[in-house]
Amino acid sequence: MTTGPAEPAVPPPAPSAGAAFEARIRRVWFGPHGALDALAGALLWPLGQLVAVLAGGRRHRIAQAKAAPRSPGRPPVVVVGNLVVGGTGKTPLLIALSDALAARGWRPGVLARGYRSTAEGGPPRRVGPGDDAAAVGDEPVLVALRTGRPVVVGRDRGAALGVLAASGECDVVLSDDGLQHEGLPRDLELAVFDSRGAGNGRCLPAGPLREPLRGALLLDALVLNGRGATPPIVHSRVFRFELAPTGLRTLDGAHAWTPTGFAASVGDAPLDAVAGIGAPQRFFDTLASLGLRARPHPLADHARIDPAWLAALPGRWIVMTEKDAVKCVGFDAALRARCVALRVEAVADPALVDWLEDRLRG
């Protein structure tokens with residue numbers, strides 16, 4: 001078995017303090033530990049109440065607009081989004097729904113914001129699988145790569161929808177998040193939750209909710225990630241999906257393994273694991289479930305990856321999410337040969353796709 005370079009005396013520094021801040025605030029949101037976290041939650045509570053009032057009014061206006069007839073020529077829009085900030089698995093679910101609808105004869109298109117990219121504040125822009133993630137966003141590039149369907153990013157999702165509709169390439173549009181975007185017309189709304197539920201039930205910044213949980217009652221369905229997830233509010237329509245690891249591949253494309261094949265190849269040798277997603281611990285837990293011993297390196301969600309920092313990690317292999325892998329396309333060939341992307345796929349309840357298609361067909 002090939003061994004990696006010796007462990008350095010001083011570990012490489014973390015790329016930024018963003019991950020530490022996110023970890024701290026999530027402790028406040030999903031279960032305070034200690035008096036300091038409890039105090040922070042109490043101090044943030046008034047701001048959370050203000051956000052709840054404003055967001056409640058916005059949800060009412062969105063619901064009224066949604067009830068109006070669809071304008072001629074506009075394809076139906078399905079929003080796959082979060083009431084909770086990040087990390088619920090909505091993007092893998094959107095990819096699975098796009099593939100399922102395409103298999104049934106639909107022509108899906110995808111909208112995204114391009115969060116933390118240079119395109120975020122500009123006009124709508126078409127995204128291809130080979131585009132720079134820093135320019136258009138990591139999730140849009142991943143969706144374009146995985147689905148092969150047209151993807152358009154833009155902060156103004158209504159304008160981005162106009163670009164997709166004008167292309168004539170799609171007869172249904174899936175929006176990667178955007179539940180709270182008033183300028184986006186929509187026909188169906190799905191809210192994704194995982195085992196963390198709604199956390200402390202408060203709105204930002206006192207809690208993880210973008211709007212009061214009661215807003216979920218105006219949505220068409222809740223979709224739960226994982227068997228252990230329970231609905232955070234009683235809803236008339238609840239579906240489920242699970243994330244399944246399906247394979248690993250080096251970023252240079254030279255090697256590919258099944259999850260069990262990679263675990264057998266690595267054996268007991270320690271690895272480095274990098275995750276710049278909303279819930280990085282879920283990725284580290286997935287690796288552990290595959291029998292992989294990995295040093296965890298949690299990054300802030302959508303964080304840029306410094307190639308020099310990445311190269312300084314001591315492991316022979318550096319395992320990362322597909323969302324992080326698209327940010328490493330232009331890295332040195334030797335570094336990409338060490339980096340391995342874990343592919344996960346959302347396995348959705350077939351009843352969800354049946355219901356979705358039934359609603360789309362009216």
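What counts and how
Residues numbered from 1 in each chain as written. Predicted model: local features only at pLDDT ≥ 70, side-chain atom pairs only at ≥ 80, totals over all residues. Heavy atoms only, no water. Axes fitted to C-alpha atoms, helices over the stretch in contact; angles between N-to-C directions. Helix = DSSP H or I, 4+ residues; strand = E, 2+ residues; numbered from the N terminus. Parallel < 35°, antiparallel > 145°, perpendicular 65-115°, else oblique. Left-handed = near helix turned anticlockwise from the far one by under 90°. Contact = heavy atoms within 4.5 Å. Buried < 20%, exposed > 50% of the residue type's maximum accessible area, 1.4 Å probe, protein only. Phe/Tyr/Trp six-rings, centres within 6.5 Å; stacked < 30°, edge-to-face > 60°. Lys NZ or Arg CZ within 6 Å of the ring centre and 35° of its normal. pLDDT = per-residue confidence, 0-100. 1 Å grid on protein atoms, 1.4 Å probe; cavity = no way out; pocket = protein on both sides within 12 Å on 5 of 7 lines; lining within 4 Å. Points joined across faces, edges and corners; volume = space filled by probe spheres on them. Nonpolar A, V, L, I, M, F, W, Y, C, P; charged D, E, K, R; others polar. Polar contact = N/O pair within 3.5 Å; in protein donor to acceptor, adjacent residues only side chain to side chain. Core = buried A, V, L, I, M, F, W, Y, C linked by side-chain atoms within 4.5 Å. Patch = residues over 30% accessible without salt bridge, like charges linked within 9 Å, V, L, I, M, F, W, Y side chains within 5 Å. Areas by Shrake-Rupley, 256 points an atom, 1.4 Å probe, with all protein chains shown as cover. Salt bridge = Lys/Arg side-chain N within 4 Å of Asp/Glu carboxyl O.

Engineer: Go over the packing of helix α3 (residues 90-103) against helix α5 (residues 138-147), please, and point to the residues and values.
Structural biologist: Relative orientation of the contacting elements α3 and α5 amounts to 30°, with a least axis distance of 10 Å. Considering the angle they form, α3 stands roughly parallel to α5. Note on packing geometry: the crossing formed by α3 with α5 is right-handed. Contacts from Lys 90, Thr 91, Leu 94, Ile 95, Ser 98 and Asp 99 of α3 reach α5 at Glu 139, Leu 142, Val 143, Arg 146 and Thr 147.

Engineer: Residues and numbers for unusual backbone geometry, please.
Structural biologist: Each neighbour pair has its own omega, and for Leu 204 with Pro 205 the value is -5°, a cis peptide bond. Its place among the elements puts Pro 205 in the loop between β6 (188-193) and β7 (221-225). Even without a glycine there, the phi angle at Asp 177 is positive, about 70°. Relative to the assigned elements, Asp 177 resides in the loop between β5 (172-176) and β6. On the basis of relative accessible area, Asp 177 is assigned to the buried category, the value being 9%. Not every positive phi belongs to a glycine, and His 302 is a case in point at roughly 65°. Within the secondary structure, His 302 sits in the loop between β11 (294-298) and α9 (307-312). A relative accessible area of 12% means that His 302 is categorised as buried.

Engineer: Which residues make up the packing of aromatic side chains, and what are the values?
Structural biologist: Both the distance between ring centres and the angle between the ring planes are used here to describe each pair of aromatic rings. What the rule picks out here adds up to 5 aromatic pairs. When the ring of Trp 257 is compared with that of Phe 262, the centres are 4.9 Å apart and the planes differ by 65°; the resulting orientation is edge-to-face. Exposure class is identical for Trp 257 and Phe 262. Each is buried. Ring geometry for Phe 262 versus Trp 317: centroids 6.5 Å apart, planes at 65°, classification edge-to-face. Here Trp 317 lies in the loop between α9 and β12 (318-321) and Phe 262 lies in helix α7 (residues 259-266), a separation of 55 residues in the sequence. Here Trp 317 falls in the buried class, since its relative accessible area comes to 13%. Aromatic ring contacts, followed pair by pair, group Trp 257, Phe 262 and Trp 317 into a single cluster. Note that Arg 196 overlies the ring of Phe 30, its terminal NZ or CZ placed 4.6 Å from the centroid. The ring of Trp 317 carries Arg 316 above its face, with NZ or CZ at 4.0 Å from the centroid.

Engineer: Account for the confidence of the model for the chain, naming residues and giving values.
Structural biologist: Mean pLDDT over the chain stands at 92; residues scoring 70 or higher make up 94%. Low pLDDT (under 50) marks residues 1-11, which in the prediction has 13 contacts with non-local residues, meaning those over four places away or in another chain.

Engineer: How would you sum up the layout of surface pockets? Please name residues and give values.
Structural biologist: Estimated volume of the second largest pocket: approximately 530 Å³. Lining the second largest pocket are 28 residues, and of these Leu 145, Leu 251, Ala 325, Val 326 and Ala 341 lie nearest its centre. Contributing elements (two or more residues each) for the lining of the second largest pocket: α5, β8 (238-250), β9 (256-257), α10 (322-325) and β13 (339-348). For the lining of the second largest pocket, the residue count by class is 14 nonpolar, 5 polar and 9 charged.

Engineer: Explain the side chain of Asn 225 residue by residue, including any values.
Structural biologist: Summarising the element assignment, Asn 225 is placed in strand β7. For Asn 225, a relative accessible area of 9% corresponds to the buried category. At 2.9 Å, the side chain of Asn 225 and the backbone oxygen of Thr 88 are in polar contact.

Engineer: So what about the nonpolar core? Which residues, and what values?
Structural biologist: Ranked by internal contacts, the top residues of the largest apolar core, which has 39 residues, are Val 78, Leu 93 and Leu 97. In this structure, Val 78 is in contact with Val 172, Val 173, Leu 174, Ser 175, Leu 188, Leu 190, Leu 356 and Leu 360, ignoring residues within four places of it in sequence. Among the nonpolar cores identified, the runner-up in size contains 26 residues, and Val 79, Leu 83, Leu 161 and Leu 179 belong to it.

Engineer: An account of a nonpolar patch on the surface is needed here, citing residue identities and associated values.
Structural biologist: A cluster of nonpolar side chains, Leu 36, Leu 39 and Leu 43, forms an exposed patch at the surface whose accessible area comes to about 330 Å². Looking at the element boundaries, Leu 39 is found in helix α2 (residues 35-67).

Engineer: Quick one: what's the story with α5, residue by residue and with numbers?
Structural biologist: By the criterion of burial, α5 is predominantly enclosed, with 9 of the 10 residues buried. Every buried residue belonging to α5 is among Asp 138, Glu 139, Pro 140, Val 141, Leu 142, Val 143, Ala 144, Arg 146 and Thr 147, and all of these are buried.

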